[in-house]
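# Topology and contacts: notes
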2 protein chains.
Amino acid sequence: MTTQEKFLTWAYVRRVVEASRVDLLDMLWPDGWDQAGPSQVRAVADALARRAGTLPDALADATSQRYDHDPTADAELAAARGWRLVTPEDDEWPTELTASFVRMADSGADHDSSVRGQAAAPFALWVRGDMRLDTAVRRSVTVVGTRAATRYGEQVTKSFAGDLADAGFSLISGGAIGIDALVHRAALQSQIPTLVVMACGLDVPYPKAHAELFEQIVAAGGLLISEYPPGTPPARHRFLTRNRLAAALSQATLVVEAPLRSGALNTLNWAEAFVKPTFAVPGPVTSHASLGCLERIRTSRATLAVSARDLIEELSPLGEQMALGFGAEDRSELLNWEHVAVIDAAALPSGRGPEGRLPQLVEATGLPARTVIRCLRDLEGMGRLRREADRWIRVE
Amino acid sequence: MTTQEKFLTWAYVRRVVEASRVDLLDMLWPDGWDQAGPSQVRAVADALARRAGTLPDALADATSQRYDHDPTADAELAAARGWRLVTPEDDEWPTELTASFVRMADSGADHDSSVRGQAAAPFALWVRGDMRLDTAVRRSVTVVGTRAATRYGEQVTKSFAGDLADAGFSLISGGAIGIDALVHRAALQSQIPTLVVMACGLDVPYPKAHAELFEQIVAAGGLLISEYPPGTPPARHRFLTRNRLAAALSQATLVVEAPLRSGALNTLNWAEAFVKPTFAVPGPVTSHASLGCLERIRTSRATLAVSARDLIEELSPLGEQMALGFGAEDRSELLNWEHVAVIDAAALPSGRGPEGRLPQLVEATGLPARTVIRCLRDLEGMGRLRREADRWIRVE
């Protein structure tokens, strides 16, 4: 296929399904959707367009309204506006994105009901902006919060987002009013790329009040990202799908201010399902806008963050922490019994013994997947374990 | 001994040592200070007064300045003012008080340096007020906080203390300005007994501004308590010793507002050393007055409390919770792997197998003593384990 043919084919497939689905992923990558690289997209597009017999019934049903779509207009719009469509076939596809869904599937945990059954990895992203997507998210934190931010929420968002950006983390958020916008603006202020993950087409300025902010973000080297084709309006279910993408792209998710019912907590659920670090900023117990954060801290579903340093310490490898002036002596104390259990369950350098994959580590240690992941990160930072693909191996 | 002789003897011993000491306890109860009941106080008083050879050198040294004290004045003052001296020989001595120190010794945990080496149980308490001491503390929470309370701290203290009192918990605090006084006043408001644990003699109104508050507390059925003989002025080391007593008397300790360095956190250290539940109220990360609470929550040394209900749920037996309208279904989910580990390590009803005492449970499960204690409380509430003296036995 030519580049243009490939673009049209992916744009077509992305257009005819509303949301990513496992049956579609299985068709696109018959050897496993966890393997990035060449796909069967041409055959899949043909099957979708011709309603051929190889199409699973459920997928045929789900695409019955849109299969005759012509992607030419999408291609023309993209060419005119400088958008691209990034897929696992491209070098800039972030491996972390697919890896998040692999970890979710492997962890075998009982996920929050809000994320259960929606676990299909994205297969194509509309992107606007110059930076490579994988570079932009390599060292990143998703920072989200309530639309109805209080003055306290605004204050802590500026402080946390500014400090994270100053420490070199790109900031991912949803572009919404309230906390999200403060996050993006803090990144602009610190001249660090920021990524807006949208719940609508790239040409739909939502919310309208942020049209200029989005232009500033792109001008400053940031990215606008969406799974949705041009012209798609925002909708409730698209916000939830968007939250999944925002959490999958980054190293960790931080909620700065959220009431008990909040889309920001849905993003945190996703980060949890992807077995990534989750953080929340506490606030007054008298403020409804903080009760969602407090609930997550109380139930140990998020780590309490007093300042950005709490995230920076946990997300930075050991050597970098020391360069940042955080004492190594603090970390050396971290070899607790959980760490020891995880080391004992990891693979041996000889290749004999345990396999060292996450599900085995969880089973062998009897610890929650979340705890194992935290220990793995600690131990990698301490140089006690190293990673090879999805296996964890002891460093002797 | 007559009652008066006994009083004089205890008052003398209490007067000649500054703080309780293990060598003294060993003399008072040669069969173990963990056994309440008859003591060798007469022989000990004789040995102290005569500087006899049976006196350990360290104890002789420590009492060399005061051994010739005449307790008659103490007795006269007590008679005139209606004070009493409560010891483990009295029915009203709270078993929980001694049990706290037994648990501390048994847990074998590495205690915070602020409590290490000061672990001798009290052996005599000066008490003013009508209520029996054991009755007053049977269902009680120690609530403490900073002297430099913010408006937020005042607000949450009134709310938490009022709700705890309304739920029938007597409130123990230190009578200090700031948070402590708000705690006592909330109890008065709710017509629930409140206990002031003093760092000076009962006749020393400290702080002076609270002389009237202390009278109100006694008039309302509450108690003033001190280990220190009449006339003893407050001093820094006495505040620390007082904190130990405040934490030992209650079921749990709550810090409502405390900066990173605060006497309230010392009280929390003691509760932790006594393997009792510890709670802290979060606050804004921008408020220095809350940073001590946040630090304890972040490091899992205190449970985050959003409202008094968080304490009431944890401290009330299951049946009572249901009567209070808290759902049993929440509790049934609590059988996590830690619970299962603790059940497996507990004694069998047959009497064979594990002993089921705390040190064995800690060793067999590999869990921190604090976690084991929390599980034991949960499992007792669920009816999965029952307690027999200091042994935990499975309910089949």
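Predicted model, so just to flag it, every value in this text is computed and none were measured. (Residues numbered from 1 in each chain as written. Chains lettered and ligands numbered in written order. Predicted model: local features only at pLDDT ≥ 70, side-chain atom pairs only at ≥ 80, totals over all residues. Heavy atoms only, no water.)

### Examining the nonpolar core
Within the largest apolar cluster, 79 residues are counted, with the highest numbers of intra-cluster contacts made by L164(A), L254(A), L164(B) and L254(B). Residues within four places of L254(B) in sequence aside, it is in contact with V141(B), T142(B), V143(B), V144(B), F160(B), L164(B), F279(B), A280(B), V281(B), A305(B) and L311(B). (Core = buried A, V, L, I, M, F, W, Y, C linked by side-chain atoms within 4.5 Å. Buried < 20%, exposed > 50% of the residue type's maximum accessible area, 1.4 Å probe, protein only. Contact = heavy atoms within 4.5 Å.)

### Focus: empty space enclosed by the protein
Empty space among the atoms becomes visible once a probe the size of a water molecule is rolled across them. Residue and element names in this part refer to chain B. Enumeration according to the criterion identifies 4 cavities of 30 Å³ or more in this entry. In this structure, the largest cavity spans a volume of roughly 50 Å³. Considering the residues around the largest cavity, the lining is formed by R147, G174, A176, M198, A199, C200, Y206, P207, F214, F239 and R242. In terms of residue class, the lining of the largest cavity is built from 8 nonpolar, 1 polar and 2 charged. For the second largest cavity, the calculated volume is near 40 Å³. Looking at side-chain class alone, the lining of the second largest cavity contains 7 nonpolar, 1 polar and no charged residues. (1 Å grid on protein atoms, 1.4 Å probe; cavity = no way out; pocket = protein on both sides within 12 Å on 5 of 7 lines; lining within 4 Å. Points joined across faces, edges and corners; volume = space filled by probe spheres on them. Nonpolar A, V, L, I, M, F, W, Y, C, P; charged D, E, K, R; others polar.)

### With respect to the packing of helix α1 (residues 3–16) of chain B against helix α5 (residues 72–81) of chain B
Residues and elements named next belong to chain B. Taken N-terminus to C-terminus, the directions of α1 and α5 make an angle of 115 degrees; their axes are 9 Å apart at the nearest point. For the pair α1 and α5, the sense of crossing is right-handed. Two secondary-structure elements touch here, α1 through Q4, F7, L8, A11 and R15 and α5 through T72, D74, A75 and A78. Along the lines of polarity and charge, the residues of the contact of α1 with α5 split into 5 nonpolar, 2 polar and 2 charged. (Axes fitted to C-alpha atoms, helices over the stretch in contact; angles between N-to-C directions. Helix = DSSP H or I, 4+ residues; strand = E, 2+ residues; numbered from the N terminus. Left-handed = near helix turned anticlockwise from the far one by under 90°.)

### Quick notes on the state of the cysteines
Among covalent bonds in proteins, the disulfide is the one between the sulfur atoms of two cysteines. All chains considered together, the criterion is met by 0 disulfides over all chains. Left without a disulfide partner, C293(B) is nearest to the cysteine sulfur of C293(A), which lies 18 Å away. (Disulfide = S-S within 2.5 Å.)

### Here's the deal with the interface of chain A and chain B
Contact with chain A, which involves 22 residues of that partner, is made by 22 residues of chain B. Between chain A and chain B, the buried area comes to about 1,600 Å², and carbon and sulfur atoms account for 77% of it. Counting the contacts that link chain A with chain B gives 2 salt bridges. In this structure, D310(A) and R298(B) form a salt bridge, with 3.7 Å as the shortest nitrogen-oxygen distance. Linking chain A to chain B there are 2 residue pairs in polar contact (both at pLDDT 80 or more). At the level of elements, α8 (151–166) and α13 (291–298) of chain A are the ones that each hand at least two residues to the side of chain A that touches chain B. Broken down by class, the residue content of the side of chain A that touches chain B amounts to 16 nonpolar, 4 polar and 2 charged. (Buried area = accessible area lost by both parts, 1.4 Å probe. Salt bridge = Lys/Arg side-chain N within 4 Å of Asp/Glu carboxyl O. Polar contact = N/O pair within 3.5 Å; in protein donor to acceptor, adjacent residues only side chain to side chain.)

### Remarks on the domain arrangement of chain A
Residue and element names in this part refer to chain A. Domain boundaries in chain A define domain 1 (3–80), domain 2 (125–315) and domain 3 (326–394). Using only C-alpha atoms to locate each centre, domain 1 and domain 2 end up separated by 29 Å. Contacts between the two partners involve 10 residues from domain 1, matched on the other side by 9 residues from domain 2. Across the domain 1/domain 2 interface, buried area totals approximately 780 Å², and carbon plus sulfur atoms make up 56% of it. It is R14, R15 and E18 that lose the most area in domain 1 upon contact with domain 2, and together they represent 59% of the buried surface on that side. Inspection of the domain 1/domain 2 interface yields 2 salt bridges. A salt bridge links E18 to R238, with the shortest nitrogen-to-oxygen separation between them at 2.8 Å. With 4 residues, the single largest contributor to the side of domain 1 that touches domain 2 is helix α1 (residues 3–16). (Domains from an automatic or database assignment.)

### Considerations on unusual backbone geometry
Residues and elements named next belong to chain A. Between Y206 and the following residue, P207, the backbone shows a cis peptide bond with an omega angle of -10 degrees. Relative to the assigned elements, P207 resides in the loop between β5 (194–198) and α10 (211–219). Unlike most non-glycine residues, V275 shows phi in positive territory, near 45 degrees. Its place among the elements puts V275 in the loop between α12 (263–273) and β8 (278–280). Overall, V275 belongs to the buried group, its relative accessible area being 6%. In this structure, S300 is a non-glycine residue whose phi angle is positive, near 60 degrees. Tracing the chain through its elements places S300 in the loop between α13 and β9 (303–304). Accessibility expressed as a relative area gives 54% for S300, which makes it exposed.

### Examining the sheet that holds β9(A)
Residues and elements named next belong to chain A. Taken in spatial order, the 9 strands line up as β1-β2-β6-β5-β4-β3-β7-β8-β9 in an open sheet, and their pairing is mixed. Both outer strands of the open sheet, β1 (83–86) and β9, are each paired with one neighbouring strand and no more. Here strand β7 (residues 252–255) pairs with β8 via 3 bridges, running parallel. The partner of L254 across the bridge, within β8, is F279. (Pairing = 2+ DSSP bridges.)

### Topic: the pattern of salt bridges
Residue and element names in this part refer to chain A. Overall, the coordinates contain 42 salt bridges over all chains when judged by the stated rule. Note that R128 is salt-bridged to E215, the shortest N-O span being 2.8 Å. Note that R128 is positioned in strand β2 (residues 125–128) and E215 in helix α10, a separation of 87 residues in sequence. Residue class for E215 comes out partly exposed when judged on its relative accessible area of 41%.

### Examining the packing of aromatic side chains
Residues and elements named next belong to chain A. Applying the stated criterion across every chain yields a total of 14 aromatic pairs over all chains. Centre to centre, the rings of W83 and W126 are 6.4 Å apart; their planes meet at 80 degrees, and the pair counts as edge-to-face. Here the residue W83 occupies a position in strand β1, and W126 occupies one in strand β2, the gap between them amounting to 43 residues. The same class applies to W83 and to W126, which are both buried. (Phe/Tyr/Trp six-rings, centres within 6.5 Å; stacked < 30°, edge-to-face > 60°.)

### Here's the deal with helix α14 (residues 308–315) of chain B
Of all 8 residues in α14(B), 7 are buried; the element is thus mostly enclosed. Within the span of α14(B), buried status applies to A308(B), D310(B), L311(B), I312(B), E313(B), E314(B) and L315(B).

### Comments concerning the relation of the copies chain A and chain B
Of the transformation superimposing chain A on chain B, the axial component is 0.1 Å and the angular component is 179 degrees, with the fit at an RMSD of 0.2 Å. Such a turn and shift between the copies fits a two-fold axis. Of the residues that chain A buries at the interface, 100% are likewise interface residues in chain B, meaning the two copies contact each other through the same surface. (Least-squares fit on C-alpha atoms with pLDDT ≥ 70 in both.)

### Remarks on the sheet that holds strand β9 (residues 303–304) of chain B
Residues and elements named next belong to chain B. Strand order in the open sheet made by the 9 strands is β1-β2-β6-β5-β4-β3-β7-β8-β9, with mixed pairing throughout. Of all the strands in the sheet, the pair left with one neighbour each is β1 (83–86) and β9. Where strand β8 (residues 278–280) and β9 come together, 2 bridges link them in parallel fashion. If you follow A280 over to β9, its bridge partner there is L304.

### Here's the deal with the environment of A219(A)
Following the sequence through the fold, A219(A) ends up in helix α10. The sequence separation of A219(A) and G129(A) amounts to 90 residues, and the corresponding C-alpha distance is 7.9 Å.

### Observations regarding helix α9 (residues 179–189) of chain B
All names here are of chain B. Burial runs high along α9: 8 of the 11 residues are buried. Residues I179, D180, A181, L182, V183, H184, A186 and A187 constitute the buried set of α9. Buried residues along α9 sit in contact with β3 (140–144), α8 (151–166), β4 (170–173), β5 (194–198) and α10 (211–219). One or two steps after α9, the chain reaches Q191, where phi turns positive at roughly 55 degrees.

### Topic: the packing of helix α6 (residues 95–107) of chain B against helix α11 (residues 236–249) of chain B
All names here are of chain B. Taken N-terminus to C-terminus, the directions of α6 and α11 make an angle of 110 degrees; their axes are 8 Å apart at the nearest point. One finds that α6 runs roughly perpendicular with respect to α11. Here α6 and α11 pass one another in a crossing that is right-handed. Residues E96, L97, S100 and F101 of α6 form the contact with α11, whose own contacting residues are R244, L245, A248 and L249. For the contact of α6 with α11, the per-class residue count stands at 5 nonpolar, 1 polar and 2 charged. (Parallel < 35°, antiparallel > 145°, perpendicular 65-115°, else oblique.)

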